[in-house]
Structures are given as C-alpha cells and as structure tokens.
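# Summary of structural features
Here is how the chains run, residue by residue.
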Amino acid sequence: MTDVTGAPVDVLQTLFHSEQGGHEQVVLCQDRASGLKAVIALHSTALGPALGGTRFYPYASEAEAVADALNLARGMSYKNALAGLDHGGGKAVIIGDPERIKSEELLLAYGRFVASLGGRYVTACDVGTYVTDMDVVARECRWTTGRSPENGGAGDSSVLTSYGVFQGMRASAQHLWGDPTLRGRKVGVAGVGKVGHHLVEHLLSDGAEVVITDVREESVRRITERHPEVAVAADTDALIRTEGLDIYAPCALGGALNDETIPVLTAKVVCGAANNQLAHPGVEKDLADRSILYAPDYVVNAGGVIQVADELHGFDFDRCRAKASKIYDTTLAIFARAKEDGIPPAEAADRIAEQRMAEARRR
C-alpha cells in the first residue's frame, strides 16, 4: 500500500511517528536519462552539516532502499557525535546493481542532487562506491569527500578505520584486564579485507596472538604468506568457538552478534570494524548477561569518517590520526557510563551521543 506520493505507508510511519524516525529531511532523486534512482536521508544537522556515505546497492524494492537510508542516516548521527565531529548524520543510497548501471552520467546526476542541498549533506564512499566514483561526483558537487589524493582527497580510509578499532581494543583491555596492551591476548578477526588486514598488522605489532578467517582465500593468503605465525579458522563459526579466545573482531558483515552466535562465543570482548553488529534490539543485554564486554561498533570504527571529515579542512594525516587516537578515551568513557548507569555499553554510547546532540540544539 502506498500514499498519494507513491511512498510506502510503513516508511512514512517510521519517519513521522516511530522512535527510529525523527529525520529532518528525506529527498527522493530520479534522473531518467541516466537511470539514477536515489534516496538522500538527513537525520540530524544539530552538530553541523550531515555527513555520511553513498551506498550503491540492488535493493529488492524502493521501500527497502528508503528504510535502509533512514536507518543508516540515524546511525551516522550517533557515530559523528561520538567521534567529536561537528557534523550531523546523513546517508544516501543509489538503487541498482553498480556492476550493471553505474556510469559517469549517473554519478554526475547524483552529484547535482547532492549539490542542490546547498551543503546540508556531505557525501563520501560506502558499499558499492569508491574513491574514483567520488572524484566524478565532486565534479558537480563540492560537498564530496573520500576523493583521491590527486583530486585533493585523502584516499582509502581503511588505514584509520583499523587504527580506531585497535584503539577500541586497547580501551577494552584496559577496562577488563587493567592494561591496554594486547600482548599475549588471543584475538580472532573475521574478515581480513581492506580494514581487517590493517588491524591484523596492529595486533601483531602489539604482541597479540591472531586467528583469522575470511570467505576469500586470497585475503587469508595475503596475510599468512607475510605472517606464517597467524592461525586460520575454517569459517566464522569455527573462529567464535576457538578455545582461549580473548577478543572477537567482526570486520565483515553486519548482524554478527545474534541469537545463534552469542551462546557459543568464547571471547570475553567483542570489538570490530563491521557496521550494525547487533542483529536486533536486546542482543546487547544478551552479551552483558554472559559478561562479554561489547565495544559499540559505531564508536570504534569511526576512524574512516574522521578521515573524510578532515578533507573539508585540507586533509592532514597526522591530525586525523590524533583524532582517531581519542577513540581510546571515548570507549573508556562509554564503559564507565555503562557501569555507572547499570546498562550495556551500547545503550551508554547512545545516551552520550544523544546528550551531545541535545546540547547542540539548545545553543
């Protein structure tokens, strides 16, 4: 069922009436000449222009695309708030298979739509879009980050994303064991692609014992050929059951923490780069009930958004690394708030982010 605009009624219910809504603006974009169909969702600009990536994905329906944009934009508000950025949260999705329909014409059309928002939304890369795509979008829109160094950008953000996750792990170790080093700790990394393989390097440099798994054999081989001391698990199911595992780092798909995985998880800490690790509400309590410390994903994986935000001020890697280092302090503050309020860390993180946004609105 749709309303007079053709938008699904349940999406409008989410936008205007549910706790998951409250978005400031949702823009539906279409350019028939290029085949572009896109949704730009701005959740909050309380802290500044909304910042978030552009996802290019073959959604099953337009309703699914709108719902994803709303959810992702809301998540970016919280991520940017806890990263200490002067940015609100936004996200865009382009509907379609990027392998089939992505073209220069389509990306330029998308850039014009982003530009029409006059700086209320700053875009970047996400699933299905890359640095080269942002270089094209930037030809029509100056509010574009995640560009190549040749075009004034910072390039690949996975280096600082992995560094931030490492800082989150150090904070977890400090909170749980009283020492921020990972020396002698057994860490399982699920997904050793762009971010995961950098994380492995940090862990090995700090003296950790590392176990990895990935669906792509070439990703595993890239690490084991360089570091034969790294152990390999057959799959994620085997990894999370590894005896003596201290930390589990999901760095691939979302929903890694669910009703099936939590009961068999041997790790005492979960801290990884994957987005949306909690499969559904209530999972954070299940982790707490098993005394598993959870470092909220949107806090520890914020190194990438810290990097792209810095492009707007003339990218400086050392400045970004210093900001990403603060993920350590932020993670510790979340654990302290969780203990003080008697709530799981995921809920504590939300409260701190909401407090920062509320204070900004009152100014």
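I will try to describe carefully the structure that is included in this document. (Residues numbered from 1 in each chain as written. Predicted model: local features only at pLDDT ≥ 70, side-chain atom pairs only at ≥ 80, totals over all residues. Heavy atoms only, no water.)

## What about the packing of aromatic side chains?
Evaluation of the coordinates by the stated rule reveals two aromatic pairs. Pairing Y57 with Y59 gives two aromatic rings, centres 5.1 Å apart and planes at 70°, and the pair type is edge-to-face. Judged by its relative accessible area of 38%, Y57 falls in the partly exposed class. Assessed through its relative accessible area of 9%, Y59 is described here as buried. (Phe/Tyr/Trp six-rings, centres within 6.5 Å; stacked < 30°, edge-to-face > 60°. Buried < 20%, exposed > 50% of the residue type's maximum accessible area, 1.4 Å probe, protein only.)

## Considerations on the environment of L70
In this fold, L70 is placed in helix 2 (residues 62-82). A residue is classified by how much of its surface remains accessible, and L70, at 3% relative accessible area, is buried. Setting aside anything within four residues of it in sequence, one finds L70 in contact with V11, T14, L15, H23, V26 and A41. (Helix = DSSP H or I, 4+ residues; strand = E, 2+ residues; numbered from the N terminus. Contact = heavy atoms within 4.5 Å.)

## A few points about the nonpolar core
The biggest cluster of nonpolar side chains holds 67 residues, and the ones touching the most others in it are I40, Y110, M169, V189 and L203. The residues touching V189, leaving out its near neighbours within four places in the chain, are G196, L199, V200, L203, V210, V211, I212, T213, L239, A249 and C251. In terms of nonpolar packing, the next biggest core, distinct from the first, is built from 18 residues, L245, Y248, L257 and L287 among them. (Core = buried A, V, L, I, M, F, W, Y, C linked by side-chain atoms within 4.5 Å.)

## Side note on the pairing of strand 5 (residues 88-95)
The element strand 5 is largely enclosed, with a buried count of eight among its eight residues. Neither face of strand 5 is open: one carries G88, G90, A92 and I94, the other G89, K91, V93 and I95, and all of them are buried. Of the pairings in the sheet, the one linking strand 2 (residues 36-44) to strand 5 comprises six bridges and is antiparallel in character. Paired with I40 across the strands is A92, a residue of strand 5. The sheet contact formed by strand 4 (residues 54-57) and strand 5 spans four bridges and is parallel. The partner of T54 across the bridge, within strand 5, is A92. (Pairing = 2+ DSSP bridges.)

## Points about the side chain of H227
Mapped onto the elements, H227 comes out in the loop between helix 8 (217-226) and strand 9 (231-232). Overall, H227 belongs to the buried group, its relative accessible area being 13%. Only 2.9 Å separates the side chain of H227 from the side chain of E201, close enough to count as a polar contact. Residues in contact with H227, not counting those within four places in the same chain, are E201 and L204. (Polar contact = N/O pair within 3.5 Å; in protein donor to acceptor, adjacent residues only side chain to side chain.)

## What to know about the environment of H87
As for its position among the elements, H87 is in the loop between helix 2 and strand 5. By relative accessible area, which is 7% here, H87 ends up buried. Between the C-alpha atom of H87 and that of A73, which follows or precedes it by 14 residues, the distance is 12 Å. Beyond its immediate sequence surroundings of up to four residues, H87 is in contact with L47, G48, P49, L51, N80, V122, A309 and L312. A distance of 2.9 Å separates the side chain of H87 from the backbone oxygen of P49, its partner in a polar contact.

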